[in-house]
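Geometric and topological summary
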There are 2 protein chains.
Amino acid sequence: MITGQTASMEDYLEAIAKLAEEDPEVRVTVISKRLGVKKPSVTAALHKLSEEGLVEHPRYGCVQLTQEGRRIATDVIRRHEVLFRFLSEILGLTSDIAQEDACKVEHSLSPNSLERLSKFVEFVLTSPRGEPSCLKGFNHYLEHGERGKQLPAYHSKDES
Amino acid sequence: MITGQTASMEDYLEAIAKLAEEDPEVRVTVISKRLGVKKPSVTAALHKLSEEGLVEHPRYGCVQLTQEGRRIATDVIRRHEVLFRFLSEILGLTSDIAQEDACKVEHSLSPNSLERLSKFVEFVLTSPRGEPSCLKGFNHYLEHGERGKQLPAYHSKDES
DNA sequence: TATAATTGTTAGGCATAGCTAACAATTATA
DNA sequence: TATAATTGTTAGCTATGCCTAACAATTATA
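Anyway, here's the lowdown on the structure attached to this text. All figures in this text were calculated on a predicted structure; none of them were measured in a lab.

About the criteria used
- Residues numbered from 1 in each chain as written.
- Chains lettered and ligands numbered in written order.
- Predicted model: local features only at pLDDT ≥ 70, side-chain atom pairs only at ≥ 80, totals over all residues.
- Heavy atoms only, no water.
- Near = heavy atom within 4 Å.
- Polar contact = N/O pair within 3.5 Å; in protein donor to acceptor, adjacent residues only side chain to side chain.
- Helix = DSSP H or I, 4+ residues; strand = E, 2+ residues; numbered from the N terminus.
- Nonpolar A, V, L, I, M, F, W, Y, C, P; charged D, E, K, R; others polar.
- Buried < 20%, exposed > 50% of the residue type's maximum accessible area, 1.4 Å probe, protein only.
- Lys, Arg positive; Asp, Glu negative; His and termini not counted.
- Salt bridge = Lys/Arg side-chain N within 4 Å of Asp/Glu carboxyl O.
- Contact = heavy atoms within 4.5 Å.
- Phe/Tyr/Trp six-rings, centres within 6.5 Å; stacked < 30°, edge-to-face > 60°.

**A look at the protein's contact with DNA strand C**
Close to DNA strand C lie 21 residues; R27 and T29 of chain A together with T6, K38 and S41 of chain B are nearest. When the atoms of DNA strand C within 4 Å of the protein are grouped by moiety, sugar and phosphate amount to 81% of the total. A distance of 3.0 Å separates a base nitrogen of DNA strand C from a polar side-chain atom of K39 of chain A. Listing elements by their share of the surface near DNA strand C, those giving two or more residues are α2 (28–35) and α3 (39–51) of chain A together with α1 (7–22) and α3 (39–51) of chain B. Classifying every residue of the surface near DNA strand C by side-chain character gives 8 nonpolar, 8 polar and 5 charged.

Encoded structure:
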């Protein structure tokens, strides 16, 4: 997809990286459970990733990411995190939905859009004081169906 | 995907609907050109969609959406539009990139997230006066790399 | 340590969705 | 109207990626 891997292979790399954080002994079975696929599917995927030099996987042994595999996994995880924060903290979706959707969208957003979204999330959430102003307005809008009347109106100092 | 169709079939339905807007005589060749696939791929897809009652396609004839096909196409187009507006008007990405990414993401965003995103776009872009305040701040942030100092700070009337 | 349980692999099948090459139908034109 | 150009279809191949059934290796336990 964006990393040169298919969405499916990105999922495997991401899963392996996340599982390794909890227990470095990453086995076929846990990958299978995490991704909701059967073990033979995992074996097949690992073969492919192994051929491409993205994982090491001795027969009947534990799975490890190579440097390149880790690089890609890290990239996918970053995408996931940016999307998750946007969906949960800005749009205010539940953690479950945000996770699910981040998992799907993380494979298709271009680097350009991802970077912009990242900056946007950072901007909206790092408010100088307390809850970000823009979000407060949006939450009011969500709850009451209409825009809360705002005092003076927001002006930045250097406005034209 | 979300509509019960694969991403690929959603693409065909969307393309057919959009092409029909310009010329109701939708032929295999124009679909093929629009989607960047070869004609036999289009024929195969139309067979499938036809079996599912989503298009009508007499041999060597023009393609038409059925009611159900149109319903799905309309849904996909709506997703596309919401995403496109978010990417272009809020994140400020170029039209090209926004189109491309909307095309990819439109298949994977859950209805829940889509509705929230839609409300968010509406909220941010329908500012009571001129350029939406939140966006102004973000654009400054993008250009200068730091937040513009804001006067009084935004307060909604009904704040706790 | 022999047996049972677990874990991993292989083989073979299926659906999706693209492709090329060859052919058939349709439409345009000489 | 016969021929050429275009358009559409079929057949057959490929790759991805999932599945089940059967088997093999490993690990745990009686």
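Right, picking up where we left off after that structure.
**So, the side chain of E14 of chain A**
All names here are of chain A. Structurally, E14 can be placed in helix α1 (residues 7–22). No salt bridge is formed by the buried E14; the nearest opposite charge belongs to R34, separated by 6.1 Å. When residues no more than four places from it in sequence are discounted, the contact partners of E14 are A73, V76, I77, H80 and E106.

**Here we look at the pattern of salt bridges**
All names here are of chain B. All told, the structure shown has 12 salt bridges over all chains when counted by the stated rule. In this structure, the salt-bridge partner of K104 is D101, at a minimum N-O distance of 3.5 Å. Of this pair, K104 and D101 both sit in helix α5 (residues 95–105), 3 residues apart, which is roughly one turn of that helix.

**What to know about the packing of aromatic side chains**
Evaluated as defined, the whole model comprises 6 aromatic pairs over all chains. Arranged with centres 6.3 Å apart and planes meeting at 80°, the rings of F86 of chain A and F120 of chain B form a pair that is edge-to-face. You can see F86 of chain A sitting in helix α4 (residues 67–90) and its partner F120 of chain B sitting in helix α6 (residues 111–125), one on each of two chains. We note that F86 of chain A, like F120 of chain B, is buried. Aromatic side chains Y141 of chain A and F123 of chain B sit 5.2 Å apart centroid to centroid with 40° between the ring planes, which places their arrangement in the tilted category. On the criterion of chain membership, the pair formed by Y141 of chain A in helix α7 (residues 133–144) and F123 of chain B in helix α6 is interchain, its members lying in two chains. For the pair Y141 of chain A and F123 of chain B, one class covers both residues: buried. An aromatic cluster is built from F86 and F120 of chain A together with F86 and F120 of chain B, whose rings are joined through pairwise contacts.

**Quick notes on the protein's contact with DNA strand D**
With respect to spatial proximity, 21 residues lie near DNA strand D, and among them T6, K38 and S41 of chain A together with R27 and T29 of chain B are the closest. In DNA strand D, atoms within 4 Å of the protein come from the sugar-phosphate backbone in 80% of cases. The backbone of K38 of chain A places a nitrogen or oxygen atom 2.9 Å from a phosphate oxygen of DNA strand D. At 3.0 Å from a phosphate oxygen of DNA strand D is found a side-chain nitrogen or oxygen belonging to T43 of chain B. When contributions to the surface near DNA strand D are tallied by element, the ones reaching two or more residues are α1 and α3 of chain A together with α2 (28–35) and α3 of chain B. The leading source of residues in the surface near DNA strand D is α3 of chain B, at 4 residues.

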